[in-house]
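# Observations on the three-dimensional arrangement
One-letter residues, chain by chain:
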Amino acid sequence: MNILSQPNRRSRRRQIDRRGAAAVEFAIVLPLIVLILVGAIDVGQAIHVSQVVNEASREGARKASRFDETSVDAVTAAVRDYIRGSYPGVGDGSIAVALSQDDGSAVASGDLSTVPTGTAVNCQVSLQYSAVRWTVGFPGLTGASIVKSTGMRRE
């Protein structure tokens, strides 16, 4: 019989010894893969929420800069409506809206008619990330508030 045609007993023994090794390796690697996947989803959602809050602050600044708008409450309602368009279950306690003039002073008594034409009005919006978060337990984003500010000149 030819030496090349005989089965190699050593290689067969190695194959028998390796049975189940793939399952063990998979069991070791799977938690790491799941952790990376869930972390990527959480960070991706945080970026999306940041974009929504940024757009809400722009919407508030746009409304506050209009000459015919005189109420801070109407600006706050517009910001909250914008955020609730993306996240319907968000309560008023999770959203904070602050309007200020370009010198940093607050808008007097909630009346935008006191802000002179040409003065920048800044709309700062803060949203508690935990109110819209899908996953729980990653410490880097726990208890975080996403804050964005936009300024526009009053007409």
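Procedures and definitions
- Residues numbered from 1 in each chain as written.
- Predicted model: local features only at pLDDT ≥ 70, side-chain atom pairs only at ≥ 80, totals over all residues.
- Heavy atoms only, no water.
- Helix = DSSP H or I, 4+ residues; strand = E, 2+ residues; numbered from the N terminus.
- Polar contact = N/O pair within 3.5 Å; in protein donor to acceptor, adjacent residues only side chain to side chain.
- Contact = heavy atoms within 4.5 Å.
- Axes fitted to C-alpha atoms, helices over the stretch in contact; angles between N-to-C directions.
- Parallel < 35°, antiparallel > 145°, perpendicular 65-115°, else oblique.
- Left-handed = near helix turned anticlockwise from the far one by under 90°.
- Nonpolar A, V, L, I, M, F, W, Y, C, P; charged D, E, K, R; others polar.
- Core = buried A, V, L, I, M, F, W, Y, C linked by side-chain atoms within 4.5 Å.
- Buried < 20%, exposed > 50% of the residue type's maximum accessible area, 1.4 Å probe, protein only.
- Salt bridge = Lys/Arg side-chain N within 4 Å of Asp/Glu carboxyl O.
- Expected span 1.5 Å × (residues − 1).
- Arc of directions from axis to C-beta.
- Pairing = 2+ DSSP bridges.

### Some details on the environment of Val-107
- Inspection of the secondary structure assignment puts Val-107 in the loop between strand 1 (95-101) and strand 2 (120-128).
- As a C-alpha pair, Val-107 and Val-72 span 35 residues in sequence and 8.3 Å in three-dimensional space.

### What to know about the side chain of Thr-119
- Structurally, Thr-119 can be placed in the loop between strand 1 and strand 2.
- Only 3.2 Å separates the side chain of Thr-119 from the backbone oxygen of Pro-116, close enough to count as a polar contact.
- Those residues in contact with Thr-119 that lie beyond four places of it in its chain are Gln-101, Asp-102, Met-152, Arg-153 and Arg-154.

### Focus: the packing of helix 2 (residues 21-65) against helix 3 (residues 72-86)
- Following both chains from N to C, one finds helix 2 and helix 3 inclined at 150°, their axes separated by 9 Å at the closest point. Comparing their axes, helix 3 and helix 2 come out roughly antiparallel. In this structure, the crossing between helix 2 and helix 3 has a hand that is right-handed. Residues Val-52, Glu-55, Ala-56, Glu-59, Gly-60, Lys-63 and Ala-64 of helix 2 pack against Ala-74, Val-75, Ala-78, Val-79, Tyr-82, Ile-83 and Ser-86 of helix 3.
- Here the residues of the contact of helix 2 with helix 3 sort into 9 nonpolar, 2 polar and 3 charged.

### Re the nonpolar core
- Core analysis: the biggest nonpolar cluster contains 25 residues, and Val-49, Ile-83, Tyr-87, Leu-99, Leu-112 and Leu-127 have the highest contact counts within it.
- Looking at this core, the elements that each hand over two or more residues are helix 2, helix 3, strand 1 and strand 2.
- Per-element accounting of this core gives the leading share, 7 residues, to helix 2.
- If we skip the residues at most four places from it in the chain, Leu-127 touches Val-49, Val-53, Ile-83, Val-90, Ser-94, Ile-95, Ala-144, Ser-145 and Ile-146.

### A closer look at the pattern of salt bridges
- Under the defined criterion, the tally for this structure stands at 7 salt bridges.
- We note a salt bridge from Lys-63 to Glu-69, for which the minimum N-O separation is 3.4 Å.
- A relative accessible area of 28% places Lys-63 in the partly exposed class.
- Look at Glu-69 and you get buried, because its relative accessible area is 13%.
- Taken together, the salt bridges that share partners define one network made up of Arg-80, Arg-84 and Asp-92.

### Focus on helix 3
- Between its terminal C-alpha atoms helix 3 stretches 22 Å, which fits the 21 Å expected from 15 residues at 1.5 Å a residue.
- Looking only at helix 3, the buried set comprises Val-72, Val-75, Thr-76, Ala-78, Val-79 and Ile-83. Viewed end-on, helix 3 has its buried residues packed into an arc of 160°, placing them on one side of the element. Exposed residues lying more than 90 degrees from the buried face of helix 3 are Asp-73, Asp-81 and Gly-85.
- On its buried face, helix 3 sits against helix 2, strand 1 and strand 2.
- At the N-terminal boundary of helix 3, the capping side chain belongs to Ser-71, with an oxygen 3.2 Å from the backbone nitrogen of Asp-73.

### Observations concerning the sheet that holds strand 1
- Overall, antiparallel pairing links the 3 strands, which are arranged 1-2-3 in an open sheet. The outermost strands of the open sheet, each flanked by one partner alone, are strand 1 and strand 3 (145-153). Between one strand axis and the next, the sheet turns by 15° as a mean value, whatever way the strands run.
- Where strand 2 lies against strand 3, 9 bridges are found, and the strand directions are antiparallel. Along strand 3, the bridge assignment pairs Val-125 with Lys-148.
- Each of strand 1, strand 2 and strand 3 touches helix 2; the most contacted strand, strand 3, lies at about 30° to it.
- The strands touched by helix 3 are strand 1 and strand 2; relative to strand 1, the strand with the most contacts, the crossing angle is about 135°.

Keep in mind these values describe shape, not function.
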